[in-house]
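One-letter residues, chain by chain:
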Number of protein chains: 2
Amino acid sequence: MPSRRKQQAKDTATVIDFAQRGAVHTADDHSTAVTIGLNAAIVAVSDEVPQVTVVRRPGERSSGDADAPDDSDGLPFGPFEPAQHRTLELGLRTWVDEQTGLTLGYTEQLYTFGDRGRHAADGDHSPQVVSIGYLALTDETDLASGTDTVWQPWYQYFPWEDWRSGEPDLIRSVIHPLLKKWSKEAPDRAGQRQRWDRACQCFGFETSRWDEEKVLERYELLYEAGLVFEAQRDRPHLHADKIDMVRPPLGAPMIHDHRRILATAMGRLRGKLKYRPVVFELMPAAFTLLELQRTVEAISGVRIHKQNFRRLLEKGGLVESTGEVSTKTGGRPAALFRFRREVLRERPAPGVKLPSRGPRIKSP
Amino acid sequence: MPSRRKQQAKDTATVIDFAQRGAVHTADDHSTAVTIGLNAAIVAVSDEVPQVTVVRRPGERSSGDADAPDDSDGLPFGPFEPAQHRTLELGLRTWVDEQTGLTLGYTEQLYTFGDRGRHAADGDHSPQVVSIGYLALTDETDLASGTDTVWQPWYQYFPWEDWRSGEPDLIRSVIHPLLKKWSKEAPDRAGQRQRWDRACQCFGFETSRWDEEKVLERYELLYEAGLVFEAQRDRPHLHADKIDMVRPPLGAPMIHDHRRILATAMGRLRGKLKYRPVVFELMPAAFTLLELQRTVEAISGVRIHKQNFRRLLEKGGLVESTGEVSTKTGGRPAALFRFRREVLRERPAPGVKLPSRGPRIKSP
DNA sequence: ACTATATATACTCAATATGAGCATAAGGAG
DNA sequence: CTCCTTATGCTCATATTGAGTATATATAGT
């Protein structure tokens with residue numbers, strides 16, 4: 001025990017020394033040098049379809065179809081160059097502009113991932129990449145030509161996340177049985193129960209309800225269960241017995257941990273909708289209330305009650321009429337609205353609340 | 001315009017090349033090498049006082065008093081060593097144990113900060129440190145001896161955040177007038193209004209209400225207004241005219257951006273309380289309901305309604321009686337409760353809800 | 001012009017959640 | 001045994017929420 005104390009004191013001294021040097025390592029101190037990758041999930045919604053920018057790499061496509069998603073696709077990303085960019089977010093904005101031609105409006109840092117083995121498929125010992133994920137919203141849908149960046153519907157990567165027409169068939173027919181099987185493969189009784197409990201909570205089986213915000217939890221579960229392509233790619237030895245599975249198993253894959261970052265982005269955006277007026281970043285200047293509702297539904301993946309949605313908008317003072325109407329809607333013309341930017345000064349948490357967790361609206 | 005397009009395509013190609021190399025730079029590629037610092041705000045609550053572990057550096061103290069907070073104090077932190085730690089969180093846990101003797105239970109990543117100038121006081125060009133902040137909770141209050149780590153009350157660093165006995169005098173007497181002054185110093189009319197609106201929203205002036213979660217927003221505002229020590233330390237040229245101000249101006253300072261990380265931790269914890277049962281990480285195995293309430297109040301900094309608090313606990317099934325009672329309370333003996341871990345499997349968001357944003361309870 | 005069929009918008013109603021308070025119970029100190 | 005203190009049970013008005021009905025106003029087709 002005395003030796004342990006001594007050890008502690010020594011290690012502490014090391015760290016304090018690190019601190020006193022101003023937290024700065026000299027350039028030739030390789031031991032802690034790490035490359036930082038900035039990753040952006042850039043989201044737009046067009047025609048009730050949430051889209052995300054994806055960089056395609058034509059050289060190494062596994063499918064012949066140039067439009068089909070491919071496991072060499074990924075989010076736009078690039079390195080953080082401290083010498084040129086004062087802050088992380090400025091670095092991100094700069095090269096997103098260069099790469100896609102988009103000028104980012106709303107951006108938000110999501111999470112910093114540093115797992116080894118999520119990036120490098122072959123467990124090498126090359127310098128680690130720590131990736132910082134960002135969410136960015138835009139209402140532009142034009143990408144600079146001459147790039148390999150394209151918009152892709154985000155539900156292509158997460159087909160189980162779109163509940164707008166009720167529970168996706170995929171869940172009952174594929175996910176439910178495979179997760180049941182995975183639960184039974186746990187070594188002991190407690191582990192089996194734990195796995196199944198988790199599956200229920202994630203996907204709303206049995207007594208649990210679907211929670212549209214748990215996008216990341218669901219993806220991580222599928223990853224651990226070896227049901228997404230990336231799991232088999234990263235840890236082929238663990239999933240050797242599942243080699244017969246259809247490829248891509250569930251949803252379209254992405255390089256590295258990009259699908260995980262996209263999952264984080266989706267979950268965060270779905271949550272943020274409810275207490276911040278972020279939807280309007282995805283809308284044109286003027287819109288009908290139904291268009292706004294459809295955008296919210298597209299992102300959250302669930303249907304919401306029309307009249308109550310309007311009531312909340314009114315009470316929150318989130319929108320104001322422009323006086324004009326749109327006749328493109330089919331039936332009675334809809335009044336056009338604009339976002340009332342003033343609410344940002346007035347109310348503390350002006351979101352577009354979704355139904356909390358009660359039963360959901362049936363699809364139309 | 002054509003040249004712009006060409007430029008874009010070229011830059012894109014560069015990034016794609018980066019991507020195709022597997023997002024891995026060779027060891028001698030110094031341009032993007034960055035040191036990653038892992039920072040932990042480790043929180044415990046004892047006797048209704050939220051405490052945070054602070055590392056003191058005796059060598060360079062500005063005050064003679066060894067117990068007084070000092071601008072050479074900071075959160076425990078250390079470098080991320082990719083070679084030794086598989087994930088960021090494992091790295092954090094390892095050296096927090098070594099440094100403080102604490103074994104972290106609940107931990108949560110907060111945010112990744114990368115601002116130059118927040119770390120390096122003298123705007124040097126040494127390699128950048130990107131710091132990843134973590135929040136960790138514990139119910140142990142023993143620190144390993146032989147270290148320079150001590151517990152400090154967190155309201156020492158944020159005296160304006162404790163509203164348990166009503167609005168702190170500091171706000172009306174110091175913060176309000178100084179922010180008013182700062183608002184008037186804006187170059188134009190719109191800027192003045194913008195500054196004051198922000199101050200009102202942050203501190204609940206005029207029509208706004210106090211929102212206990214906006215800890216970071218408030219600290220950032222005070223930083224920008226030059227009212228905290230760190231602002232004057234980092235950018236002395238901007239605050240030359242305020243040289244006469246008392247030092248430390250508002251709250252105790254910390255090294256680097258550690259007070260910002262602590263602010264992030266406080267805000268996140270205050271928010272998390274409401275929808276996750278994290279308080280119990282700070283409680284002993286058995287506790288009375290008032291002890292639990294006092295802990296919630298200590299963290300959130302506001303008083304809550306006793307009977308309603310109990311009603312929520314019951315309805316949520318968060319606790320169960322142990323059958324025993326505690327007579328240490330003064331009046332009628334209080335039943336002892338324990339946390340019902342099962343709720344984690346049952347309910348989706350079992351938090352300890354605080355009053356949302358209505359008027360608050362008067363202090364007792 | 002009339003009808004069917006869209007959607008838009010206004011209003012109602014029950015169930016539940018929330019904020020605030022009163023009333024009673026059960027210990028200890030004097 | 002009286003007072004003080006905290007615990008715990010219960011009530012009540014109000015706000016919020018989920019869900020539905022009723023009416024308005026356009027277009028398309030006959």
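Residues numbered from 1 in each chain as written. Chains lettered and ligands numbered in written order. Predicted model: local features only at pLDDT ≥ 70, side-chain atom pairs only at ≥ 80, totals over all residues. Heavy atoms only, no water.

Describing the packing of aromatic side chains
Two aromatic rings, taken as a pair, are described by how far apart their centres are and by the angle between their planes. Stated precisely, the cut-off is as follows: Stacked, edge-to-face and tilted are the three classes for Phe, Tyr and Trp ring pairs, Trp counted by its six-membered ring, which pair at centre distances within 6.5 Å; planes under 30 degrees apart are stacked, over 60 edge-to-face, the rest tilted. The rule is simple: take the accessible area with a 1.4 Å probe, protein chains only, and divide by the maximum for that residue type; under 20% is buried, over 50% is exposed, in between is partly exposed. A ring is scored as having a charge over it whenever the NZ atom of a lysine or the CZ atom of an arginine sits within 6 Å of its centre and within 35 degrees of its normal.
Under the counting rule described, the total for this entry stands at 22 aromatic pairs over all chains. Centre to centre, the rings of Y111(A) and F113(A) are 5.1 Å apart; their planes meet at 50 degrees, and the pair counts as tilted. Arranged with centres 5.9 Å apart and planes meeting at 35 degrees, the rings of F280(A) and F287(A) form a pair that is tilted. The same class applies to F280(A) as to F287(A), namely buried. Here a set of aromatic residues connected by ring pairs shows up, and it is made of W163(A), W196(A), F203(A), F205(A) and W210(A). Between the NZ or CZ atom of K180(B) and the centre of the ring of W196(B), over which it lies, the distance is 4.2 Å. The positively charged end of R259(B) is found above the aromatic ring belonging to F158(B), 5.9 Å away from the centroid.

Points about the sheet that holds strand 7 (residues 287–288) of chain A
Rule in force here: For two strands to be treated as a pair, DSSP must find no fewer than two bridges joining them. Numbering of helices and strands runs from the N terminus, with a helix taken as a DSSP run of H or I at least four residues long and a strand as a DSSP run of E at least two residues long.
Pairing is antiparallel across the open sheet formed by three strands, whose spatial order is 7-9-8 (chain A). Strands at the two margins of the open sheet, each flanked by one partner only, are strand 7 and strand 8 (319–326) of chain A.

Considerations on the pattern of salt bridges
Residue and element names in this part refer to chain B. What counts here: What makes a salt bridge here is a side-chain nitrogen of Lys or Arg within 4 Å of a carboxyl oxygen of Asp or Glu, nothing more.
This model, assessed by the stated rule, comprises 46 salt bridges over all chains. Ionic pairing is found between E185 and K181, a salt bridge with its closest N-O pair at 3.4 Å. We classify K181 as partly exposed; its relative accessible area is 46%. A salt bridge links E224 to R198; its shortest N-O distance comes to 3.0 Å. In this pair, E224 sits in helix 5 (residues 215–224) while R198 sits in helix 4 (residues 189–203), placing the two residues 26 residues apart along the sequence. Owing to a relative accessible area of 39%, E224 belongs among the partly exposed residues under this scheme.

Considerations on the domain arrangement of chain A
Residues and elements named next belong to chain A. Quick note on the threshold: Delimitation of the domains relies on an automatic or database domain assignment. Throughout, a residue-residue contact means that at least one pair of heavy atoms, one from each residue, lies within 4.5 Å. What gets called buried area is simply the loss in accessible area from a 1.4 Å probe that two parts show on being joined, summed for both. Identification of polar contacts relies on pairs of N or O atoms within 3.5 Å, with a donor-acceptor requirement for protein atoms, meaning one able to donate a hydrogen and the other able to accept it, and with residues adjacent in sequence counted only if both atoms are side-chain atoms.
Annotation of chain A at the domain level lists domain 1 (4–156), domain 2 (161–251) and domain 3 (279–346). Each side of the interface is counted separately: domain 1 has 11 residues, and domain 3 has 10 residues. On the domain 1 side of the contact with domain 3, V45, E48 and D139 bury the most area, a combined 50% of that side's loss. Between R294 and E48 there is a salt bridge, and its shortest N-O distance comes to 4.0 Å. Summed over the shared surface of domain 1 and domain 3, the number is three residue pairs in polar contact (both at pLDDT 80 or more).

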